[in-house]
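Spelled out, the chains give:
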Amino acid sequence: MNLQNMEATVDPELVHHWITAIGSDSSAAVPILQAIQGHYGYLPRKAMDLVVAQTGINASQLYGVATFYAQFRLKPVGRHMIKVCHGTACHVQGADRLNTSLRHALGISNPEQDTASNGSYTVENVACIGCCSLAPVMVIDGQAFPNVKGADAQRQLFKHARENNEILAGQDAEN
Amino acid sequence: MSNTQWTITVGEGSCGIAAGAPEVTELLKKRLPDAQFKSVGCVGMCHREVMVETVDDQGRSYLWGNLTKKNLPKVIQFLRGDGVLPKTLLIRSSEEPDCEGGHYLTRQTRIALRNVGQLNPTSMAQYLDRGGYDAIKKIITSGMTPEAVIEEVKIAKIRGRGGAGFPTATKWGFARNAPGDVKYLVCNGDEGDPGAFMDRSLLEGDPHNVLEGMLIAAYAIGASKGYAYIRAEYPLAVQYFGQAIQDAREAGYLGYHILGSDFSFDIKIKEGAGAFVCGEETALMASIQGERGMPRIRPPFPAISGLFGKPTIINNVETLANLPWIIQNGGAAYAAIGTEKSSGTKVFALAGAIARGGLVEVPMGVTIRHVLENIGGGSASTRPLKAVQLGGPSGGCIPERLFDTPIEYEAINATGAIMGSGGMVVMDSKSCMVDLARYFLEFTENESCGKCTFCRIGTLRMKEILTRICAGEGTMEDIDLLEDLGRSVQSASLCGLGQTAANPVLTTIKYFRDEYIAHVQEKRCPGGVCKGLITHTILNDKCSGCSICERYCPVNAITGTLKHPDTWVIDPKICINCGMCAEVCNPDAILAA
Ligand SMILES: Cc1cc2nc3c(=O)[nH]c(=O)nc-3n(C[C@H](O)[C@H](O)[C@H](O)COP(=O)(O)O)c2cc1C
Ligand code: FES
């Protein structure tokens, strides 16, 4: 599947709603982008254009902000989001292996890529989640998993995929 | 079956929830329908999550840990009066408070954390029950002037807990005396240091206390508006703090004419967006204003010209959390704790190779060893501890032989590390100090906002050199070059990010030069971490032939016949040294060296 096809259909009403609720001066730039990303999982170009048209925020500020902060993504994401903590505690406890095993199970071999080709999952690295004494930690769709070793990461992913009817493209280590 | 009335308290901070508190609660509620339930934040013993405290009608209490759906029935049986005491799950009881498990809590002095894990963070009533908002009431009803509040904080001698340790009262004085009718008070809840979670626990576990701290600070400097800048990775903190603001507003503690006085103050939450540099004051303000979080040159200092050009004070969450106690108990009581130059207590987040990881609050002046050994319980494995990383990317590594250093700003600085915000990541012999330095440089290089050349290019070059050394391609000159570059970046950067970026490198070279030399000269990683310098081999005499390593190897480098230990091998040409096999191998038959 072509990831381009994953571009979201933007609802102008919704964007308008966020702008009215949050504000339209320049200090609203970050929260408006957060609202958009909270809904679509990334920042669709169309939504950004609507913000520029309807607020006092100009395109260079908006894109400047969108590219500066690690939280924002300009590319579409998979249907589910996996965040792997790479904070210090998780790093020293082997966070790298979580990526290896998850990417393996999802069949993502290109290091430039972070989303499975069937659009099921995106694997993202994040800085500390704040549960360091339970390291390594990962989060799938908002649910945190403590003390996950590389192998556990795959097991949790398989379980999640089963419950959400997702097909994993990679080699299934369960078999 | 007895009909004891139990009050059951469940730790439901982020860590408790992650460990499975919701399903434990559900099961308890089902099996003990008559019990009273209470939800609290994390008491700090994160290593024992899920944690539950049960108290009976006669005041007998039991604190349970490591609960799961599987072992819970044993506890339930005991609570229902039939069944033996499941000792392995018990941390302490009222009969035996000073047991090994109890030491963790009894050896602490809790001021900032005094309510964390004791009350439901979403219940304002419980905060009020524990003397909440009494400090701001005292200030307003006794007619304390802002100057008197600043004086009390000056007597307390508290220094900012955000890392730099600047005296809080002095900073406030600048803003108090700055001209302008609109002033801002900002709570810095960015907590960007990876490996630190003190601020999360405070915001999440006792939000009203932080909020009351903001009120006190705002009153002292004359601020009418406030922002709480909380990182987006802490959704529960954002939610609970938002709830606290709403409840406080409804109760008259926030908004116009607080408690009928002339003091008006209100707070908005701004969520961070994942930029470490935004913890720096001037970058944080740019971020609130909707710009890229780029630091700017000081002066003008924020206290004179800050947010939207107005006088602004930015205080760390933990600094604020100490204020209600200081006003209630007096500055002198606070100054009596800790040492002459570093008063009060400090909260640390213990993680890594430590037996009892979690949150600890200790009086300043105790030694690092006391925290790690007496409270943290020492190493989590049989391997001895080697070092502790203090202060995150701005900090440094303190080797075991300096563990008797007292926890005091100046004494810690003298080692080359910094107190920082309180993250303590503990290391044993299975960690590599060169890899750790590389890790931090990758972090700072990533997080550098790019405004100053030394920080942008210098950190990149340092990372490249460290990556080379970790890959076994370093030279002895590289080590000298790292020190040189480190000093240049330190002196020529605009903000604290660049000024401190070299600390992890400089301290690891200072204390662990032998590990650098092993990487460069012997092409060996003593910790068994650096992928380019280790190979994985199967120790056939230990192997059981179970094939689990084969199943988890992501590159199919492992082959062998089921139940024939002597047949198992790893093909070094295919192996990527990811370490998955060693991790899953039960008999410990895989060697990484
Ligand atoms: C790169 C960088 C990151 C920082 N991150 C934080 C942070 O996450 N939280 C914090 O309270 N202070 C952080 N600080 C320190 C703040 O700039 C500031 O000194 C502090 O919030 C002041 O509060 P205090 O006086 O109560 O300590 C950081 C500083 C730098 C240079
Ligand atoms: S380092 Fe991973 S949760 Fe903090």
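(A) Region of the structure containing the interface of chain A and chain B. Listed as interface residues are 45 residues of chain A and, on the opposing side, 57 residues of chain B. Summed over both sides, the interface of chain A with chain B buries roughly 3800 Å², with 59% coming from carbon and sulfur. Together, A:Phe68, A:Tyr69 and A:Thr88 form the three largest contributors to the area buried by chain A at its contact with chain B, with a combined 17%. Across the salt bridge formed by B:Lys531 and A:Asp96, the nearest N and O atoms sit 3.5 Å from each other. Our count for the contact surface shared by chain A and chain B stands at 23 residue pairs in polar contact (both at pLDDT 80 or more). Contributing elements (two or more residues each) for the side of chain A that touches chain B: helix H2 (29–40), helix H4 (59–68), helix H5 (88–92), helix H6 (95–106) and helix H7 (150–163) of chain A. Among the residues forming the side of chain A that touches chain B, the class breakdown is 20 nonpolar, 21 polar and 4 charged.

(B) A look at the pairing of strand E7 (residues 225–230) of chain B. Residue and element names in this part refer to chain B. E7 sits mainly inside the fold: 5 of its 6 residues count as buried. Direction of pairing for strand E6 (residues 184–189) relative to E7: parallel, over a ladder of 6 bridges. Counterpart to Leu185 in the pairing with E7 is Gly226. Judged from the 6 bridges that link them, E7 and strand E8 (residues 266–271) form a sheet pairing that is parallel. Within the sheet, the bridge partner assigned to Ile230 lies in E8 and is Glu271. In this fold, the crossover linking E7 to E8 by way of helix H11 (residues 235–250) has right-handed handedness.

(C) Structural view of the pairing of strand E13 (residues 396–399) of chain B. Here strand E12 (residues 385–390) of chain B pairs with E13(B) via 4 bridges, running antiparallel. Following the sheet pairing, B:Val388 is matched in E13(B) by B:Ile398.

(D) Focus on the packing of helix H7 (residues 146–156) of chain B against helix H10 (residues 207–221) of chain B. Residue and element names in this part refer to chain B. The N-to-C vectors of H7 and H10 enclose an angle of 120°; their axes lie 7 Å apart at closest approach. The angle between the axes of H7 and H10 places the two elements in the oblique class. Relative to H10, H7 is oriented so that their crossing is left-handed. In this structure, H7 uses Pro146, Val149 and Ile150 to contact H10, whose residues at the interface are Ile216, Tyr219 and Ala220. Per-class residue counts for the contact of H7 with H10 are 6 nonpolar, no polar and no charged.

(E) Quick look at the packing of H6(A) against H7(A). All names here are of chain A. It is the contact of H6 with H7, at a shortest axis distance of 8 Å, that shows an interaxial angle of 40°. With respect to H7, the element H6 is oriented oblique. H6 and H7 meet at a crossing whose hand is right-handed. Facing Arg97, Leu98, Ser101, Leu102, His104, Ala105 and Leu106 of H6, the residues of H7 in contact are Gly150, Ala153, Gln154, Leu157 and Phe158. Partitioned by chemical class, the residues of the contact of H6 with H7 number 7 nonpolar, 4 polar and 1 charged.

(F) Expanded view of the nonpolar core. Ranked by internal contacts, the top residues of the largest apolar core, which has 87 residues, are B:Trp172, B:Leu211, B:Leu215, B:Phe241 and B:Phe265. Here this core takes 10 residues from H10(B), the largest share from any one element. Apart from residues no more than four positions distant in its own chain, B:Leu215 is found in contact with B:Tyr133, B:Ile136, B:Tyr253, B:Leu254, B:Ile258, B:Phe263 and B:Phe265. Ranked by size, the runner-up nonpolar core spans 45 residues in total, among them A:Val30, A:Tyr42, A:Ile57 and B:Tyr229.

Procedures and definitions
Residues numbered from 1 in each chain as written. Chains lettered and ligands numbered in written order. Predicted model: local features only at pLDDT ≥ 70, side-chain atom pairs only at ≥ 80, totals over all residues. Heavy atoms only, no water. Contact = heavy atoms within 4.5 Å. Buried area = accessible area lost by both parts, 1.4 Å probe. Salt bridge = Lys/Arg side-chain N within 4 Å of Asp/Glu carboxyl O. Polar contact = N/O pair within 3.5 Å; in protein donor to acceptor, adjacent residues only side chain to side chain. Helix = DSSP H or I, 4+ residues; strand = E, 2+ residues; numbered from the N terminus. Nonpolar A, V, L, I, M, F, W, Y, C, P; charged D, E, K, R; others polar. Buried < 20%, exposed > 50% of the residue type's maximum accessible area, 1.4 Å probe, protein only. Pairing = 2+ DSSP bridges. Right-handed = clockwise from strand over helix to strand, strands pointing away. Axes fitted to C-alpha atoms, helices over the stretch in contact; angles between N-to-C directions. Parallel < 35°, antiparallel > 145°, perpendicular 65-115°, else oblique. Left-handed = near helix turned anticlockwise from the far one by under 90°. Core = buried A, V, L, I, M, F, W, Y, C linked by side-chain atoms within 4.5 Å.

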